[in-house]
Amino acid sequence: MFLSLLPACVNIASRPAAMSSSRPIQQNLFPDNTGKGDALTRNGIVRIEKNLNTFGFFTPSSKKLLGVTSKTVTIAVRSATGQYVDARATIYPSAEFGLPTTADQDKYLAFQKLMEKQRGTDGVLSNPVRFTSSAMLEILRCTQGGKNYQEISDWLRRMTFTGIESEGVVYLAGRKKYARDMFHVFQRSVAIGEILEDGTVAQENYVWLSDWQLENLNNRHTLPIQYDLYRRLQLHIAKALVPLLQLWFFASRKLYTEKRYNELCSLLGIQQYRALSRIRQQVEPSLNELVAQAFLSNWEIAETADGLSYKLRLWAGSAFVSAADLRLGSQPRTLLPSAQNEAVEALVARGIREDKARQLLLNISEDQPVLDQIEWADAEIQRKRRTAGAIRNTAGFFIYVLQTNQPVPANFVSSRRRKLMDQVTQDLEQERRLETQRELEEYLCRERYEEYVTQNTDAYIGKHMAGDLLKRRLAVMRRKLVQSNTATQSWPEQVLDEYTQRLLREELAKDMELLSYEEFKEESQGRMF
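Residues numbered from 1 in each chain as written. Predicted model: local features only at pLDDT ≥ 70, side-chain atom pairs only at ≥ 80, totals over all residues. Heavy atoms only, no water.

**Re the sheet that holds strand β10 (residues 205–209)**
Line of reasoning, step 1. Taken in spatial order, the three strands of this open sheet run β6-β10-β9, and their pairing is antiparallel. Each end of this open sheet is capped by a strand with a single partner; those strands are β6 (129–131) and β9 (186–190). Each adjacent strand pair in this sheet contributes to an overall mean axis angle of 20°, direction not counted.
Line of reasoning, step 2. The strands touched by helix α1 (residues 102–116) within the sheet are β6, β9 and β10, with β6 carrying the most contacts at an inclination of about 105°. (Pairing = 2+ DSSP bridges. Helix = DSSP H or I, 4+ residues; strand = E, 2+ residues; numbered from the N terminus. Axes fitted to C-alpha atoms, helices over the stretch in contact; angles between N-to-C directions. Contact = heavy atoms within 4.5 Å.)

Dropping the structure here:
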């Protein structure tokens, strides 16, 4: 399913990087570190429609891209015969609002989170989608200011007026084919304060999704993104790369991918340089930021095989989880030195003889917070250093504090206490990260199950329900659906047709005695391990 959208410029390595014939030029090695990211929760994942993130709809830029006539991107898509063919998308901006940028991508991802809350009990989205600007600003963590409200209004217009000419690029998940047509992302939008058709003033923002967006979202033609980590990114190229990386890594089912630099520039719509130093200056800060936020574990720039150009080698970070990540689980922690030996070393460093320090520690309770008391004594000595009560005999003061077991004030945060607090935080983050990983695995497994059901039911329909028989069966099911659920009468025709087809597949799956989802999941896990 993911392979159908893999761009031509992605060169998936079929062997380890060390065996590559091209010579590495520059390299950046960072350990994978998820501790710097926000604690991930089940709400930390946002699922975004795939198409816009396949052909570079959002251009990385810190300013409005006015005066640009169009942006054309050529990628490769897999045809019905399984062969890859060139396809092209051209993005036509409005004269007033310009091309969509990464600031628009931020709002688009927040919009996807808002839409998930509006799915009906049957999991179907319908037009219009309604949301308040304050709700979007809360997700974006922006202030509730007039400028930010205006930016949302401008974003609605830009997404509505920007045109897309698809020459085999936009994939229609419900019909399982690539489209050749002109599209918009939003068919129509009404911002807060504008007049609705009935003459009333809109108290919320209204968005009518284009038919192809609605079709793909209702058919779960989406990508999961670690939104909490994405939100921490500051650099525009880094933000633009996140959905693309998710697509490439999941499409390859590997944790490594290669990308020609010139093709990456074309996809992102950024300037292409010849000199390696300028290339590094352009992409290194963003790639390092992706490493810091665990979207990448490593990257390097290398010459292409012909030596005429450059390519990026990219290794997935922990934000792109895999089954292997789940099997590995948490790594063993490094043991700290003995608390007693550490206390002896601390006292010796403060001018107390080692034999005196050891004798002192033998005569105090084992549960006494010695290291905390030593650090508090340090702070007291420093605090009184320039006062009339300055402590002259510092070694004697340390001995006095330990012998009398002076209590450490509750508001004093020692290094030991800070480590314990950090460890608790890391444990919580690890637990939530594993929970997020399990949710992603569940999501991918359900996608594979839906593909399994679709393939088998399609084969059955093609063999046993040709022509009018299929139409009559769908018509009967649709009539029953509308009669039993009056809410469906307001659904668009296309959505109603797709939902009826889904119900038919569910019935056929039972008749054909296909595996249930739980049986499919258990069998998949058996193959995995």
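**A few points about the confidence of the model for the protein**
Line of reasoning, step 1. Residues at a pLDDT of 70 or more form 80% of the protein, whose mean pLDDT is 76.
Line of reasoning, step 2. Of the regions scoring below 50 in pLDDT, residues 1–43 engages in 131 contacts with residues more than four places distant in sequence or in other chains.
Line of reasoning, step 3. A low-confidence stretch, residues 322–337 stays under pLDDT 50, and its non-local contacts, those more than four residues away or across chains, total 17 contacts. (pLDDT = per-residue confidence, 0-100.)

**Let's talk about the pattern of salt bridges**
Line of reasoning, step 1. For the coordinates displayed, the defined rule picks out 19 salt bridges.
Line of reasoning, step 2. Across the pair D106 and K239 runs a salt bridge whose closest N-O atoms are separated by 2.8 Å. Residue D106 is found in helix α1, and its partner K239 is found in helix α6 (residues 236–252); the two are separated by 133 residues along the sequence. The exposure classification of D106 matches that of K239, with both residues buried.
Line of reasoning, step 3. The network of salt bridges with shared partners includes E258, E300, K311 and R313. (Salt bridge = Lys/Arg side-chain N within 4 Å of Asp/Glu carboxyl O. Buried < 20%, exposed > 50% of the residue type's maximum accessible area, 1.4 Å probe, protein only.)

**Focus on the packing of aromatic side chains**
Remark: the centre distance and the inter-plane angle together describe each pair of aromatic rings, the angle taken between the planes.
Line of reasoning, step 1. Tallying each qualifying case throughout the model produces 13 aromatic pairs.
Line of reasoning, step 2. Ring geometry for F58 against Y108: centres 5.6 Å apart, planes inclined by 45°, an arrangement best described as tilted. Of this pair, F58 sits in the loop between β3 (45–49) and β4 (71–78) while Y108 sits in helix α1, and the two are 50 residues apart along the sequence.
Line of reasoning, step 3. Residue classification places Y108 among the buried positions, given a relative accessible area of 0%.
Line of reasoning, step 4. Consider the rings of W155 and F186, whose centres lie 5.6 Å apart with planes at 85°: the pair is edge-to-face. With W155 in helix α3 (residues 146–161) and F186 in strand β9, the pair connects residues that are 31 residues apart, well separated along the chain. Across the pair, F186 and W155 agree in class, each one buried.
Line of reasoning, step 5. Counting every residue linked through ring pairs, the aromatic cluster contains F111, F131, W155 and F186.
Line of reasoning, step 6. Positioned over the ring face of W208 is R188, at 4.2 Å from the centre of the ring. (Phe/Tyr/Trp six-rings, centres within 6.5 Å; stacked < 30°, edge-to-face > 60°. Lys NZ or Arg CZ within 6 Å of the ring centre and 35° of its normal.)

**Some words on the packing of helix α14 (residues 415–464) against helix α16 (residues 493–511)**
Line of reasoning, step 1. Packing of α14 against α16 leaves a shortest axis separation of 10 Å and a crossing angle of 85°. In this view, α14 runs roughly perpendicular relative to α16, as classed from their interaxial angle. Seen from α14, the contacting residues are V453, T454, T457, D458, Y460 and I461; seen from α16, they are L504, R505, L508 and A509.
Line of reasoning, step 2. Broken down by class, the residue content of the contact of α14 with α16 amounts to six nonpolar, two polar and two charged. (Parallel < 35°, antiparallel > 145°, perpendicular 65-115°, else oblique. Nonpolar A, V, L, I, M, F, W, Y, C, P; charged D, E, K, R; others polar.)

**Focus on unusual backbone geometry**
Line of reasoning, step 1. Cis rather than trans, the peptide bond between N127 and P128 has omega equal to -10°.
Line of reasoning, step 2. If you trace the backbone, P128 turns up in the loop between α1 and β6.
Line of reasoning, step 3. The backbone phi angle of R141 is positive, close to 60°, even though this residue is not glycine.
Line of reasoning, step 4. Position of R141 relative to the elements: it lies in the loop between α2 (133–140) and α3.
Line of reasoning, step 5. The exposed category is assigned to R141, whose relative accessible area is 56%.

**Focus on the pairing of strand β13 (residues 296–303)**
Here is the key point about a regular strand: its side chains alternate between the two faces of the sheet.
Line of reasoning, step 1. With eight of its eight residues buried, β13 lies for the most part within the structure.
Line of reasoning, step 2. In this sheet, strand β14 (residues 310–316) lies alongside β13 in antiparallel orientation, the contact comprising seven bridges. Bridge assignment links E300 to a residue of β14, and that residue is R313.
Line of reasoning, step 3. Between β13 and β14, which follow one another and run antiparallel, lie six residues, and G307 among them has a positive phi close to 75°.

**A closer look at the side chain of S210**
Line of reasoning, step 1. Structurally, S210 is set in the loop between β10 and α4 (211–218).
Line of reasoning, step 2. Since its relative accessible area comes to 7%, S210 is described here as buried.
Line of reasoning, step 3. Within the structure, S210 has its side chain in polar contact with the backbone oxygen of H184 (distance 2.5 Å).
Line of reasoning, step 4. Among the polar contacts listed, one links the side chain of S210 to the backbone oxygen of V185, at a separation of 3.1 Å. (Polar contact = N/O pair within 3.5 Å; in protein donor to acceptor, adjacent residues only side chain to side chain.)

**Focus on the side chain of R47**
Line of reasoning, step 1. Among the structural elements, R47 can be located in strand β3.
Line of reasoning, step 2. Overall, R47 belongs to the buried group, its relative accessible area being 16%.
Line of reasoning, step 3. Sequence-distant contacts of R47, defined by excluding residues within four places in its chain, comprise Q112, T222, L223, P224, E439 and Y443.

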